[in-house]
Amino acid sequence: MTIMAGGFGLCGIPENLIAAIRDTGVKDLTVISNNCGVDDFGLGILLAGGQIRRMISSYVGENKLFAELYLSGRLELEFNPQGTLAERIRAGGAGIPAFFTRTGVGTLVAEGKEIRTFEGLDYVMERGLTADLSIVKAWKGDAEGNLVYRMTARNFNPMMATAGKVTLAEVEELVEVGRFDPDHIHTPGIYVDGVLGGAAYEKRIEQRTIRQHEGA
């Protein structure tokens, strides 16, 4: 099964839905996500349980277990430039099977992929991405599945919501249908198959730094 999991770093991740997947004990997952959480949080808990077989990501630098599993051959990995990953997901949700980009030409990213020349420049073909299930996190949502994201959570969640055969959303606040100004809705409910109010959120900070005040 292929699952798309929204979020950017530890911001805007579907914490409760990830925990629910862990609790099912399902194995051999392919997970599409910008990153894979940290060792004991986010998607990292699925890694720790041996539930992920393959990752399609752009950044995994905060997860030591991820590196160990990959280097030991126990985890398959497909790296993508971050913008390319975002566009592959957007394309999949829009029904676009493939596109051409300059990013990655002449590097390992382009190995085994079709290269075409447009106006004297080489481009590599990238395939759109879809998933059996997309799990996303929003700030607010209603029973019709209309979603509003907040700040950094808009980086991957909206496009993933369009690219899943089934999309489940968890929200911090469930509101009555009709409360949203239609112009303020980020993901229309037509893309969402189920909504739940998240029980609790840790909202961890991936790299916490504190600025020293002068004279301290």
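This one's a predicted model, so the numbers in the text were calculated from it and none came from an experiment.

Enquirer: Before we move on, can you summarise helix 3 (residues 64-71) with the specific residues and values?
Expert: The backbone nitrogen of L65 lies 3.1 Å from a side-chain oxygen of the residue at the head of helix 3, namely N63. Just downstream of helix 3 lies G73, where phi reads positive at about 80°.

Enquirer: Residues and numbers for the side chain of E126, please.
Expert: Residue placement: E126 occurs in strand 7 (residues 121-127). Since its relative accessible area comes to 2%, E126 is described here as buried. Here the side chain of E126 touches K113 through a polar contact of 3.0 Å, side chain to side chain.

Enquirer: Residues and numbers for unusual backbone geometry, please.
Expert: With a phi angle near 50°, E119 is a residue other than glycine that sits in the positive phi range. Positionally, E119 belongs in the loop between strand 6 (115-118) and strand 7. Even without glycine at this site, M151 takes up a positive phi of about 55°.

Calculation criteria
- Residues numbered from 1 in each chain as written.
- Predicted model: local features only at pLDDT ≥ 70, side-chain atom pairs only at ≥ 80, totals over all residues.
- Heavy atoms only, no water.
- Polar contact = N/O pair within 3.5 Å; in protein donor to acceptor, adjacent residues only side chain to side chain.
- Helix = DSSP H or I, 4+ residues; strand = E, 2+ residues; numbered from the N terminus.
- Buried < 20%, exposed > 50% of the residue type's maximum accessible area, 1.4 Å probe, protein only.

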